[in-house]
Amino acid sequence: MTLGKAATFRVGSLVFAILLAACSGKPKEPPMENFTAEEIYKRGEYELEVGNPRRPVEALRYFSEVERLYPYSEWAKRALIMEAYAQHKAKKYEDARGSAQRFLDTYPGDEDAAYAKYLLALSYYDQIDEVGRDQGLTYQALQALRDVIEEYPDSDYARSSMLKFDLAFDHLAAKEMEIGRYYLKQGHYTAAINRFRVVVEQFQTTTQTPEALERLVEAYLALGLTNEAQTAGAILGHNFQSSPFYQDAYAQLKKQGLSPEAKPGSWLSEVYGQVIKGNWL
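Each value, and the rule that gives it
- Residues numbered from 1 in each chain as written.
- Predicted model: local features only at pLDDT ≥ 70, side-chain atom pairs only at ≥ 80, totals over all residues.
- Heavy atoms only, no water.
- Helix = DSSP H or I, 4+ residues; strand = E, 2+ residues; numbered from the N terminus.
- Buried < 20%, exposed > 50% of the residue type's maximum accessible area, 1.4 Å probe, protein only.
- Axes fitted to C-alpha atoms, helices over the stretch in contact; angles between N-to-C directions.
- Parallel < 35°, antiparallel > 145°, perpendicular 65-115°, else oblique.
- Left-handed = near helix turned anticlockwise from the far one by under 90°.
- Contact = heavy atoms within 4.5 Å.
- Nonpolar A, V, L, I, M, F, W, Y, C, P; charged D, E, K, R; others polar.
- pLDDT = per-residue confidence, 0-100.
- Core = buried A, V, L, I, M, F, W, Y, C linked by side-chain atoms within 4.5 Å.
- Polar contact = N/O pair within 3.5 Å; in protein donor to acceptor, adjacent residues only side chain to side chain.
- Salt bridge = Lys/Arg side-chain N within 4 Å of Asp/Glu carboxyl O.

Both trends apply: most residues other than glycine have a negative phi, and most peptide bonds are in trans. We note that Lys91 has phi near 65°; this positive angle belongs to a residue other than glycine. Within the secondary structure, Lys91 sits in the loop between helix H4 (74–89) and helix H5 (93–106). Take Lys91: its relative accessible area is 61%, and that puts it in the exposed class.

In structure tokens:
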């Protein structure tokens, strides 16, 4: 949502600021009841537009006052969505989700419902931590972003959500890779394979897939399971031949007198068959 910069906004903010300044000799600003819903709302917008990092908190006070004093007005509806925006800007993510959901519950058919749904998704997405942390919020972000994409497919918010969905999806795959690499380094090959398998089967559209296949070659060779290692190498070569991960996998296989080749009898042979048919999982 863009914040208004029209002349009427400037005039309204200026009038409100002057009224407050006139009472500057008092320890407190005049009661909000002295101002119209529009004046209070525009003051909130002004606080957001100034750009001071502390302004979102101040803006929230004005937007909440619009809701309190003029609960059934058009300005109260606008204030609620801006309250969610200001809370998100202030990194009060749980509060932002609450305000966004309240807007959706109260005004489900409003033109700003798509934006409210997008803000709700962002409140999860912007909390995604580095790869080493718990990924619960990532799953919630994915679901919320999917809701935006499915419910408002023709909106700009859907297009933005698609990009963020792919990044969040890749984030989950990166988590699996991190754990798999740890197990591999410790020599826990079966545990490592299980993690890399998750990436290949469930996150195959992410950027993590080439490395997952290369690591499978490494782990299977360490266990002496050459058929599986060759098949993983074949899938890697078929889909990512220009990748440095394929070069590494090829070198590992060649060192043992092997080559990338699909072998029957494992879960990887089924994946290979699907790849050849063009039906990548």
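For the pair helix H7 (residues 136–151) and helix H8 (residues 156–186), interaxial distance at closest approach is 9 Å and the crossing angle is 155°. Our classification of the angle between H7 and H8 gives roughly antiparallel. H8 is crossed by H7, and the crossing has left-handed handedness. From H7, Thr138, Tyr139, Leu142, Leu145, Arg146, Val148 and Ile149 reach across to H8, where they touch Tyr157, Ala158, Ser161, Met162, Lys164, Phe165, Ala168, Phe169, His171 and Leu172. A breakdown of the residues in the contact of H7 with H8 according to their chemical character gives 12 nonpolar, 3 polar and 2 charged.

For the protein, the average pLDDT comes to 86, and 84% of its residues sit at 70 or higher. In this model residues 1–11 is a low-confidence stretch, pLDDT under 50, and it forms 19 contacts with partners more than four residues away in sequence or in other chains. Here residues 21–26 is a poorly scored stretch, pLDDT under 50, and it has 2 contacts once near neighbours within four places are set aside; other chains count.

Another aspect to go through is the nonpolar core. Among the nonpolar cores identified, the biggest contains 68 residues, and Phe63, Val66 and Leu216 are the most heavily contacted of them. In terms of residues, this core owes the most to one element, helix H6 (residues 113–125), which gives 10 residues. Leu216 has contacts with Ile193, Phe196, Arg197, Val200, Ala232, Trp267 and Leu268, leaving out every residue within four places of it along the chain.

So, about the environment of Arg181. Mapped onto the secondary structure, Arg181 falls in helix H8. For the pair Arg181 and Ala191, spaced 10 residues apart in the sequence, the C-alpha separation amounts to 9.9 Å. In contact with Arg181, other than residues within four places in its own chain, are Phe196, Glu211 and Arg215. Polar side-chain contacts of Arg181 include one of 3.0 Å to the side chain of Glu211.

Another aspect to go through is the packing of H8 against helix H10 (residues 209–223). With their axes 11 Å apart at the nearest point, H8 and H10 run at an angle of 20° to one another. In terms of orientation, H8 and H10 fall into the roughly parallel class. The two elements H8 and H10 meet at a crossing, and its hand is left-handed. Contacts between H8 and H10 pair Met177, Arg181 and Leu184 from the former with Glu211, Ala212, Arg215, Glu218 and Ala219 from the latter.

This paragraph deals with the pattern of salt bridges. In this structure the tally under the stated criterion is 18 salt bridges. Here Glu47 ties to Arg43 by a salt bridge, and the two come within 3.1 Å at their closest N and O atoms. Taken together, the residues Glu47 and Arg43, both in helix H2 (residues 37–50) and 4 residues apart, mark about one turn of the helix. With relative accessibility at 12%, the residue Arg43 sits in the buried group.

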